[in-house]
Amino acid sequence: MTSARATDEWPPNIKAIFKRRSPASAYLGLEVIDCDVDAGTVELAFEATENLCNLWGGIHGGMVAAMMDDILAIAVGLKLEWGQISPTLEMKVSMLSVARPGRLVGRGRVLRRGKSVVFVEGELLDAEGTLLAKGSSTCTLVTLKKREEKPTA
């Protein structure tokens, strides 16, 4: 199992998170705790602040969905080849309990990777282990074109 203590062994798509974190993920307080490339699983944490809350003090459903999107996308990233991206074709999030500010833990796993599609599922829990949300996603695999070399004059 590849752990947070051995990030040099993580795949390039996971390492990239540490080099240049997306502003949205930083706003959610994303932290990669662990990943297991062979099993296709990730464990993440989010430091959910009051800035993510609705008027009633719970984490806004859209913010929970954004956390789930990170959980699912990072799990898919374990199964990508260098130069591939994985745009989401569809995502479903079921809210099961109210999420409150604090440390939240997300777990994601790849269910199946085909030639052009990946199926993934995830969950979000609070510090006490209460299941807050479940999610699933279908992603397509896209290989980015390599940059063509310009001839030197």
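For the structure, check the block above.
Residues numbered from 1 in each chain as written. Predicted model: local features only at pLDDT ≥ 70, side-chain atom pairs only at ≥ 80, totals over all residues. Heavy atoms only, no water.

Our next topic: the environment of M95. Looking at where M95 falls in the secondary structure, it is placed in strand β4 (residues 88-95). Separated by 31 residues in sequence, M95 and V64 have C-alpha atoms that sit 8.2 Å apart. (Helix = DSSP H or I, 4+ residues; strand = E, 2+ residues; numbered from the N terminus.)

Moving on to the sheet that holds strand β1 (residues 30-36). Strand pairing in a sheet is mediated by backbone hydrogen bonds. Such pairs are either parallel or antiparallel. On the basis of which strands lie adjacent, the open sheet formed by six strands has the order β1-β2-β5-β6-β7-β4 and antiparallel pairing. Each having just a single partner strand, β1 and β4 make up the two edges of the open sheet. Averaged over all adjacent pairs, the angle separating strand axes in this sheet is 20°, with direction ignored. By the bridge criterion, eight bridges tie strand β5 (residues 102-113) to strand β6 (residues 117-125) in an arrangement that is antiparallel. Residue G108 lies in a different strand from β6, and its bridge partner there is G122. (Pairing = 2+ DSSP bridges. Axes fitted to C-alpha atoms, helices over the stretch in contact; angles between N-to-C directions.)

Looking now at helix α3 (residues 61-77). Relative to the 24 Å expected for 17 residues at 1.5 Å per residue, α3 spans 24 Å between its end C-alpha atoms, a close match to the ideal helical length. Of all the positions in α3, only V64, A65, M67, M68, D70, I71, L72, I74, A75, V76 and G77 are classed as buried. (Expected span 1.5 Å × (residues − 1). Buried < 20%, exposed > 50% of the residue type's maximum accessible area, 1.4 Å probe, protein only.)

The next subject is the side chain of S86. Residue placement: S86 occurs in the loop between β3 (84-85) and β4. Its relative accessible area of 17% is what places S86 among the buried residues. When sequence neighbours within four positions are dropped, the list of residues in contact with S86 reads V76, L80, C139, T140 and L141. (Contact = heavy atoms within 4.5 Å.)

This brings us to the nonpolar core. Membership of the largest hydrophobic core comes to 33 residues, with the highest contact counts inside it found for L44, F46, M67 and L124. If you tally residues by element for this core, the top one is α3, at eight residues. Apart from residues lying up to four places away in sequence, L124 is in contact with F46, V64, M67, M68, I71, L104, V105, G106, T130, L131, L132 and A133. (Core = buried A, V, L, I, M, F, W, Y, C linked by side-chain atoms within 4.5 Å.)

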